[in-house]
Amino acid sequence: MTADLLVGQGVTCRNVIKDYGTGDARVRALRGVDVEVLPGELTLLVGPSGCGKTTLISILAGTLEPTSGEVTVLGRELTRLSKREKGAFRAQNVGFVFQQFNLLPALTAAENVAVPLVINGSTKAAAVAQASEMLHSMGLGDKVNTLPSQLSGGQQQRVAIARALVHKPRLLVCDEPTSAIDARTGHAIMTLIREVALQPDRVTVVVTHDQRVFEFADRIVTLEDGRVAGDESVEARFEQSQSS
Amino acid sequence: MTWIALKMLTGDRGKYFAIVFGITFASLLITEQSGIFCGVMLRTTSQIRDIEGVDVWVMNPNVRYFDDLKAISDDDLYRVRGVSGVDWAVSLYRGSGQAQLSNGNYQSLILIGIDDSTLAGAPKTMLVGKLGDLQNADSIIVDEAGFHQMWPDEPLNTGKVIEMNDCRAVVVGVYRASQTWMTMPVVYTRFSQAVFLVPAVRRLMPFVLAKCKAGRPVDDVAHRIQAQTGLQALSKQGFMNLTMMYYLKHTGIPINIGTTVLLGFFVGCAIAGQTFYLFTVENLKQFGTLKAMGMSDRRLVGMILTQALLVGGIGYGLGVGLATIYGIIAQRSMPLLAFFLPWQVVAGTGIAVLFISLISSILSIRRVLVLEPAIVFQGGA
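All of these numbers come straight from a predicted model, not from anything done at the bench.

Now for the overall build of chain B. Within chain B, the regular secondary structure consists of twelve helices and ten strands. For 381 residues, the compact-globule formula gives about 21 Å, and the C-alpha radius of gyration of chain B, at 29 Å, lies well above that figure. Taking all 381 residues of chain B together, the buried fraction comes to 50%. By element, 59% of the accessible surface of chain B is carried by carbon and sulfur atoms, the whole surface being about 16900 Å². In chain B, 31 positive and 26 negative side-chain charges are present, and the distance between their average locations comes to 11 Å.

So this is what it looks like as structure tokens:
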């Protein structure tokens with residue numbers, strides 16, 4: 001499949017600008033970003049702190065409005081959707097994995113995983129049953145009724161990944177998924193995310209500054225000072241390093 | 001979504017109990033102070049309530065409350081008796097006087113003179129002595145609190161002698177009375193004797209008490225009396241309402257106790273509102289996560305309202321329950337405490353607590369509605 005054929009199913013940003021604040025206090029976080037993320041591969045969004053990674057991923061996920069530019073996700077132009085439509089779009093199509101897991105502390109692992117299903121209209125009983133199956137398939141069958149506070153960091157992140165995938169979203173957005181866990185667990189988590197990312201219908205974007213996870217990427221987009229400083233496939237990178 | 005809202009709320013026990021405590025405190029304060037207010041108001045009518053077995057009170061048209069004594073003509077008694085629907089009517093004297101006790105001390109007291117032959121309007125519950133003994137010469141009966149006031153540290157008994165207006169009066173009984181608004185003893189005697197126990201005046205009769213014929217509506221008979229005699233005729237409840245309204249309008253009681261009730265309301269609003277708001281602020285990341293995952297604003301508002309109404313309901317129940325227990329215990333151990341809890345106070349407190357819960361949730365709802373779901377991503381730019 002060529003990149004052109006896949007554009008409608010992936011994520012495309014055209015000249016995206018994002019300003020925070022107004023007047024003298026205005027800060028430009030993104031300065032005309034053009035990015036394409038294709039399905040069936042793992043795309044990393046990397047760069048130093050303050051380069052605009054989090055802003056860009058927030059816009060791609062439909063949780064933040066760009067100041068200008070076009071953002072097309074899975075064939076839908078996000079900037080043309082109302083707030084309510086955007087919420088419904090996220091509920092059906094986007095899965096989130098957060099740096100700090102963001103599990104609801106009062107809910108058990110299964111209940112946490114069930115939340116996206118409930119948001120999409122499932123009953124609690126059906127959602128928890130489906131969530132429990134998901135946790136079993138991810139090797140967390142014995143943690144179904146455990147509260148997040150009783151889980152290790154790695155287990156919490158796996159529960160968070162289960163929550164992100166349980167409603168079968170086509171866009172998976174991961175924000176620093178390995179930064180709050182040790183290297184070994186981070187490796188296991190990235191293996192799991194890569195496995196998910198390689199599914200042909202799925203678009204996966206991972207924001208990270210952890211160089212140890214670069215090996216899992218198919219494509220690496222580098223941001224610097226609110227602009228795309230580099231956008232290359234890992235193959236091209238490898239060839240480049242070989243030739244130099 | 002209700003289950004998520006409730007689990008979020010009760011998951012943090014410390015904050016959950018703090019919010020419930022705030023609303024319980026407000027509910028308790030509002031109920032307790034309103035109960036005391038109602039108790040005080042009710043006491044203004046205690047002498048009306050203690051005169052039992054009559055349907056209609058007839059009095060001067062300008063009377064505004066029970067102690068507002070304006071004598072009417074003796075002829076008015078016969079005019080009332082002549083009204084259709086009146087079974088019987090008797091005169092009632094109500095005045096105040098000075099009694100000299102055997103130890104030489106003086107005591108102000110309230111004197112009530114009831115019909116000589118029927119003793120209609122006399123209290124029903126005698127603690128010592130017999131009501132019929134009032135028919136004896138120079139006899140009086142005294143209320144329990146009044147007896148202890150005049151003869152402290154002595155057990156209730158008969159045979160005590162007082163002197164009023166140079167006339168001798170003998171205590172032939174002690175009756176149980178409702179707590180009065182004033183602290184003076186309330187003494188009952190026959191009408192014919194009452195006239196000797198107070199200094200002579202031209203007119204002595206402030207009230208006529210009437211009983212309706214069986215099956216005749218009290219209000220209907222009262223209207224007939226009013227129309228035919230030109231006097232003011234009220235049912236027992238009507239006269240109690242008139243008296244209470246006077247005290248409400250012309251005394252500082254409503255403003256004094258009302259201030260405390262209002263304070264309870266504001267303190268409750270402040271404690272519950274602030275704690276609930278802080279609870280929401282501290283859980284903003286959780287709300288943000290739900291928002292990012294696509295939960296609609298309507299459902300988030302529903303979750304917050306569910307949480308607010310739950311803590312409101314629990315706090316209300318605890319507050320009213322504690323106020324009731326307080327009332328029962330306090331009335332047993334402190335008979336002077338006025339406390340009465342009608343359903344209107346319970347309902348009013350419920351409305352106040354509902355208002356507190358809604359005010360608390362409005363601030364939280366506003367905060368969640370303006371929340372950008374992007375908050376869930378760490379860092380900023």
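This part covers the sheet that holds strand β10 (residues 227–233) of chain A. Residue and element names in this part refer to chain A. Across the sheet, which stays open at both edges, the six strands sit in the order β6-β7-β8-β3-β9-β10 with mixed pairing between neighbours. Both edges of this open sheet fall to β6 (94–97) and β10, since each of them pairs with a single strand only. Taken pair by pair, the neighbouring strands of this sheet meet at an average axis angle of 15°, ignoring direction. Here strand β7 (residues 171–175) pairs with strand β8 (residues 203–207) via five bridges, running parallel. Counterpart to L172 in the pairing with β8 is T204. Along the sheet, helix α6 (residues 153–165) contacts β6 and β7; its crossing angle with β6, the most-contacted strand, is approximately 170°.

Our focus in this paragraph is the sheet that holds strand β2 (residues 27–37) of chain A. Residues and elements named next belong to chain A. Strand order in this open sheet of four strands is β2-β1-β4-β5, and the pairing throughout is antiparallel. What marks the edges here is a single partner per strand, and that holds for β2 and β5 (76–77). In this sheet, β5 lies alongside strand β4 (residues 68–73) in antiparallel orientation, the contact comprising two bridges. Residue pairing across strands places V73 opposite R76, the latter belonging to β5. Lying on the sheet, helix α2 (residues 53–60) is in contact with β1 (11–20), β2 and β4; it crosses β1 at an angle near 125°.

Before going further, it helps to examine a nonpolar patch on the surface. All names here are of chain B. Taken together, the side chains of L309, L354, L358 and I362 define a hydrophobic patch exposed on the protein surface, amounting to about 340 Å² of accessible area. Here the element with the most residues in the nonpolar patch is helix α12 (residues 343–369); it accounts for three residues. According to the relative accessible area criterion, L354 is partly exposed, its value standing at 42%.

To continue, consider the pairing of strand β6 (residues 161–164) of chain B. Residues and elements named next belong to chain B. Residues I162 and M164 line the buried face of β6, whereas the alternating positions V161 and E163 sit on a face that is not buried. Sheet analysis places strand β2 (residues 86–100) next to β6, joined by two bridges and oriented antiparallel. For Q100, the partnering residue across the bridge sits in β6 and is E163. In this structure, the hairpin formed by β6 and strand β7 (residues 167–175) is closed by a connection of two residues, where N165 is found at a positive phi of approximately 50°.

Glancing now at the pattern of salt bridges. Residues and elements named next belong to chain A. One pass over the structure, following the stated rule, counts 23 salt bridges over all chains. For the salt bridge of K86 with E65, the shortest nitrogen-to-oxygen distance reads 2.2 Å. One end of the pair, K86, is in helix α3 (residues 83–93); the other, E65, is in the loop between α2 and β4, with 21 residues separating them in the sequence. Since its relative accessible area comes to 7%, K86 is described here as buried.

Let us now look at the packing of helix α4 (residues 109–119) of chain A against α6(A). Relative placement of two packed helices is described by the angle separating their axes and the distance separating the axes. Residues and elements named next belong to chain A. At a minimum axis distance of 7 Å, the contact between α4 and α6 shows a crossing angle of 30°. Between α4 and α6, the crossing angle belongs to the class labelled roughly parallel. Where α4 crosses over α6, the two elements pack in a sense that is right-handed. Residue-level contacts link A109, N112, V113 and P116 of α4 to V159, A162 and R163 of α6. Each residue belonging to the contact of α4 with α6 can be placed in one class, and the counts come to five nonpolar, one polar and one charged.

Residue and element names in this part refer to chain B. With burial as the criterion, each face of strand β1 (residues 56–59) is covered, one bearing V56 and V58 and the other bearing W57 and M59. In terms of strand pairing, β1 meets strand β9 (residues 207–212) through four bridges, oriented antiparallel. Counted as the bridge partner of V56 is A210 from β9. Strand direction decides the pairing type here: β1 and strand β10 (residues 232–235), joined by four bridges, are antiparallel.

This part covers the interface of chain A and chain B. Listed as interface residues are 34 residues of chain A and, on the opposing side, 26 residues of chain B. Both sides of the chain A and chain B interface together cover about 2600 Å² of buried area, and 67% of this is carbon and sulfur. Counting the surface chain A buries against chain B, the share from its top three residues, T63(A), L104(A) and I119(A), is 20%. Salt-bridge contacts for E111(A) lead to K7(B); the nearest nitrogen and oxygen are separated by 2.9 Å.

Let us now look at the nonpolar core. L56(A), L135(A), L171(A), I4(B), L290(B) and M303(B) are the most contacted members of the largest nonpolar core, which totals 130 residues. When residues of this core are assigned to their parent elements, the largest contribution, ten residues, is made by helix α2 (residues 13–43) of chain B. Not counting residues within four places of it along the chain, the set of residues in contact with L290(B) comprises L104(A), V115(A), I119(A), M8(B), M295(B), L300(B) and M303(B). Judged by nonpolar contacts, the second largest core, of 39 residues, contains V80(B), L101(B), A210(B) and C212(B).

A few words on the side chain of N102(A). Its location among the elements puts N102(A) in the loop between β6 and α4. Exposure remark for N102(A): the relative accessible area of 8% places this residue in the buried category. Those residues in contact with N102(A), other than ones at most four positions away along the chain, are R163(A), K285(B), T289(B) and V376(B).

Scoring rules and cut-offs
Residues numbered from 1 in each chain as written. Chains lettered and ligands numbered in written order. Predicted model: local features only at pLDDT ≥ 70, side-chain atom pairs only at ≥ 80, totals over all residues. Heavy atoms only, no water. Helix = DSSP H or I, 4+ residues; strand = E, 2+ residues; numbered from the N terminus. Rg over C-alpha atoms; globule rule 2.2 N^0.38 Å. Buried < 20%, exposed > 50% of the residue type's maximum accessible area, 1.4 Å probe, protein only. Areas by Shrake-Rupley, 256 points an atom, 1.4 Å probe, with all protein chains shown as cover. Lys, Arg positive; Asp, Glu negative; His and termini not counted. Charge placed at Lys NZ, Arg CZ, Asp CG, Glu CD. Pairing = 2+ DSSP bridges. Axes fitted to C-alpha atoms, helices over the stretch in contact; angles between N-to-C directions. Contact = heavy atoms within 4.5 Å. Patch = residues over 30% accessible without salt bridge, like charges linked within 9 Å, V, L, I, M, F, W, Y side chains within 5 Å. Salt bridge = Lys/Arg side-chain N within 4 Å of Asp/Glu carboxyl O. Parallel < 35°, antiparallel > 145°, perpendicular 65-115°, else oblique. Left-handed = near helix turned anticlockwise from the far one by under 90°. Nonpolar A, V, L, I, M, F, W, Y, C, P; charged D, E, K, R; others polar. Buried area = accessible area lost by both parts, 1.4 Å probe. Core = buried A, V, L, I, M, F, W, Y, C linked by side-chain atoms within 4.5 Å.

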